[in-house]
Amino acid sequence: MTAGLKTIISLSFVLAIGFLLVILSCALFKQYLPLLVVATYVLAPLPNWICGKCANPDDFVESSGNAVVDFGRFCTGFLVLMGIALPAVLAHSHIITYPAMIMSIIGGLLIYGTIISFAMFFQEEQEF
């Protein structure tokens, strides 16, 4: 699957909307704790990427365990869930308002979806 200029433009547009929603959820309601959502969604793909690089077997070793890959997926899932649950917990404890929670969750999901889409479209194919 080749990615062209239209893909880059559309991904950057969706990423800008995601950042706009998160920043507006902070600025409109004068509570800047939902910015932590951006940090969790930016850090979320890292464990999956690092564990995927560590689990690649050598050419001579046929058997390798998937425990490292599973651990990376677990950490990624935890960070994605934390990006959704953190605004919900903050809204439940009345630190932020419910509209700020909704804007923060939607913006965070757009940011994470853009990061995953970018990685999917611009993934290098390995030749053996």
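Note that the structure is a prediction, hence the values are computed from the model and not measured. (Residues numbered from 1 in each chain as written. Predicted model: local features only at pLDDT ≥ 70, side-chain atom pairs only at ≥ 80, totals over all residues. Heavy atoms only, no water.)

**Structural notes on the nonpolar core**
- Core analysis: the biggest nonpolar cluster contains 9 residues, these being Val22, Val37, Val38, Tyr41, Ala44, Leu79, Val80, Ile111 and Tyr112.
- The biggest single contributor to this core is helix 2 (residues 36–43), with 3 residues.
- When sequence neighbours within four positions are dropped, the list of residues in contact with isoleucine 111 reads Leu15, Gly18, Phe19, Val22, Val38 and Tyr41.
- Listed in part, the 6 residues of the second largest apolar core include Leu90, Ala100, Met101 and Ile105. (Core = buried A, V, L, I, M, F, W, Y, C linked by side-chain atoms within 4.5 Å. Buried < 20%, exposed > 50% of the residue type's maximum accessible area, 1.4 Å probe, protein only. Helix = DSSP H or I, 4+ residues; strand = E, 2+ residues; numbered from the N terminus. Contact = heavy atoms within 4.5 Å.)

**Here's the deal with the packing of helix 1 (residues 5–27) against helix 5 (residues 98–121)**
- Between helix 1 and helix 5, the shortest axis-to-axis distance is 7 Å and the interhelical angle comes to 155°. Taken together, the axes of helix 1 and helix 5 are roughly antiparallel relative to one another. Handedness of the crossing formed by helix 1 with helix 5: left-handed. Note on element contacts: helix 5 touches helix 1 through Ala100, Met103, Ser104, Ile106, Gly107, Gly108, Leu110, Ile111, Thr114, Ser117, Phe118 and Phe121, opposite Thr7, Leu11, Val14, Leu15, Ile17, Gly18, Phe19, Leu21, Val22, Leu24 and Ser25.
- Of the residues assigned to the contact of helix 1 with helix 5, the class counts are 15 nonpolar, 8 polar and no charged. (Axes fitted to C-alpha atoms, helices over the stretch in contact; angles between N-to-C directions. Parallel < 35°, antiparallel > 145°, perpendicular 65-115°, else oblique. Left-handed = near helix turned anticlockwise from the far one by under 90°. Nonpolar A, V, L, I, M, F, W, Y, C, P; charged D, E, K, R; others polar.)

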